[in-house]
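# A structural walkthrough
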Amino acid sequence: MMKATIPSIARRAAPDYAETSRRDPAFLSVDGLCKYYTWRSFGGSRPIKSLDGVTLRVAKGEIMGIVGESGCGKSTLAKVVTRLTSATAGQITLDGEDWLAPRGEALRRRRPQVQLVFQDPHGALDPRMTIGTAMAAPMAAHGIGTPADRRDRVLAMLAEVGLDESFHDRLPAQCSGGQLQRVVIGRALLLEPQLLVCDEPTSALDASMRTQILNLLMDLRARRGLTMLMISHDLRVVRYMCDRIAVMYAGQVVELADRDHLFDHPAHPYTRALIASSLLEPGGIDLSRHLREGEVPSPLAMPEGCRFASRCPYAQPDCTALEPALKQAGSRHFVRCRHWNTHAAATMPPRG
Ligand SMILES: Nc1ncnc2c1ncn2[C@@H]1O[C@H](COP(=O)(O)OP(=O)(O)O)[C@@H](O)[C@H]1O
Ligand code: SF4
Ligand SMILES: [Mg+2]
């Protein structure tokens, strides 16, 4: 006689982010995005897992913050989303269309839709080219307007980004870092992108310039309905200007929530350590006192289980066995930790 099976009394697992967020219409959808570079040596080659299954939804007009320590994959995400480098796996949809499919001329025509602003405005501008010529060049390359139209558009854009007409004929060496970052932002906007990806846009600037550039970006979003990915290693930057925030660790999103919810109810131990550190050390983030002394895993040898286990003060024996998924922790809150429910109420323990 067959034994009666005992009905499972296990709680139904929370749905994961990919499943839940698929229901919401999104302007930018990133699904299971992977970018593996290749490390070669005499003995063979191994993948460097810079991005490993990133899934994100960004609504039209939203500013999504991407935050995490150096090396977690933020710039790689920016480069794949802007099509500066290819994806190894996964999908990106922009305004309902496959954004990874266009190649050659089709890609060239669509490139203006997604523009990148990165950290170093000096590196983004030719030192021998005047600001006016540099700002008009991408429009000329895409066949937008006549030379006279382009000049008018550049002058109007200079005003929009808070620079007077005299900047038109200046060389980059005659401008400050903050002024050059305004130029770079203006140059990107002249192509009328729908998505602006900003990779550490204020990291090279001093504190007073930093706030001005963040305010400018927020004004531009309000005026133009731009959708933005705002990438920063600095929690204060994403807290200042983002609607939602995705926290990245070792090539993955480990927590994603509305900005205030994330700061009021952080659920992942890594997010909690980041927040605790940024509040305690205004000059910079020193996570050491909130985490175990373990190393960040190498993208050449990612562990099987939770990638944060080597530093997690709450790690349990099962954490190293299976990789946690990004699961729902609240109506718009997702966390990649199998024990978030038990440790979220506890205070962050001291190191050790
Ligand atoms: N072109 C590349 N070739 C090999 N490895 C790379 C390359 N670009 C980035 N990486 C590696 O990918 C990981 C993520 O880098 P990156 O995206 O620049 O991180 P972040 O911007 O968060 O500091 C790092 O380990 C980095 O060394
Ligand atoms: S799954 Fe385990 S090791 Fe990973 S963050 Fe959660 S408690 Fe820490
Ligand atoms: Mg970077």
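Here's what I pulled together on the structure shown here. (Residues numbered from 1 in each chain as written. Chains lettered and ligands numbered in written order. Predicted model: local features only at pLDDT ≥ 70, side-chain atom pairs only at ≥ 80, totals over all residues.)

The element helix α2 (residues 74-81) is extensively covered by neighbouring structure, given that eight of its eight residues are classed as buried. The complete set of buried residues in α2 reads K74, S75, T76, L77, A78, K79, V80 and V81. A positive backbone phi angle near 60° is found at R83, which sits one or two residues after α2. (Buried ≥ 20, exposed ≤ 12 C-beta atoms within 10 Å, placed from the backbone. Helix = DSSP H or I, 4+ residues; strand = E, 2+ residues; numbered from the N terminus.)

The next point concerns the packing of helix α5 (residues 131-141) against helix α7 (residues 177-189). Axis separation between α5 and α7 bottoms out at 8 Å; the angle between their running directions is 30°. The orientation of α5 relative to α7 falls into the category roughly parallel. The handedness of the crossing between α5 and α7 comes out as right-handed. Here I131, A134, M135 and P138 of α5 lie close against α7, whose contacting residues are V183, G186 and R187. Tallied by class, residues from the contact of α5 with α7 come to five nonpolar, one polar and one charged. (Axes fitted to C-alpha atoms, helices over the stretch in contact; angles between N-to-C directions. Parallel < 35°, antiparallel > 145°, perpendicular 65-115°, else oblique. Left-handed = near helix turned anticlockwise from the far one by under 90°. Contact = placed C-beta atoms within 7 Å. Nonpolar A, V, L, I, M, F, W, Y, C, P; charged D, E, K, R; others polar.)

The next thing to look at is the site of ligand 2. Around ligand 2, the structure places 13 residues, and the nearest of them are C306, C312, A315, C319 and C337. Tallied by class, the residues present in the shell around ligand 2 amount to ten nonpolar, two polar and one charged. (Near = placed C-beta within 6 Å.)

Across its 14 residues, helix α6 (residues 147-160) extends 20 Å between first and last C-alpha, which sits within 8% of the 20 Å expected from 1.5 Å per residue. The complete set of buried residues in α6 reads R150, V154, M157 and L158. Taken around the axis of α6, the buried residues stretch over an arc of 105°, which confines them to a single face. Away from its buried face, by an angle of more than 90 degrees, α6 presents the exposed residues A148, D149, D152, A156 and A159. (Expected span 1.5 Å × (residues − 1). Arc of directions from axis to C-beta.)

We now examine the site of ligand 1. Neighbouring ligand 1 are the residues Y37, I48, S50, G68, S70, G71, C72, G73, K74, S75, T76 and P299. If you list the elements that add at least two residues to the shell around ligand 1, you get β2 (44-58) and α2. It is α2 that contributes the most residues to the shell around ligand 1, three residues altogether. Here the shell around ligand 1 is built from residues that sort into four nonpolar, seven polar and one charged.

Note on strand geometry: in a regular strand, side chains alternate between the two faces of the sheet. Burial runs high along strand β3 (residues 63-67): five of the five residues are buried. With burial as the criterion, each face of β3 is covered, one bearing I63, G65 and V67 and the other bearing M64 and I66. Looking at chain direction, β3 and strand β8 (residues 227-232) are connected through five bridges and run parallel. In the strand pairing of β8, I63 is matched with M228. (Pairing = 2+ DSSP bridges.)

Position of P138 relative to the elements: it lies in helix α5. Setting aside its immediate chain neighbours within four residues, P138 contacts R187, L190 and L191.

Time to look at the sheet that holds strand β10 (residues 252-258). Sheet architecture is open: eight strands sit in the order β6-β7-β8-β3-β9-β10-β12-β11, paired in mixed fashion. Where the open sheet ends on each side, the last strands, each with one partner, are β6 (114-118) and β11 (327-330). Averaged over all neighbouring strand pairs, the angle between strand axes comes to 25°, with direction disregarded.

Further remarks concern the sheet that holds β2. With antiparallel pairing, the four strands of this open sheet are ordered in space as β2-β1-β4-β5. Among the strands making up the open sheet, the edge pair consists of β2 and β5 (97-98). Across five bridges, strand β1 (residues 28-41) lies against strand β4 (residues 89-94) in antiparallel orientation. For L28, the partnering residue across the bridge sits in β4 and is L94. Where α2 meets the sheet, its contacts fall on β1, β2 and β4, and the angle it forms with β2 comes to roughly 75°.

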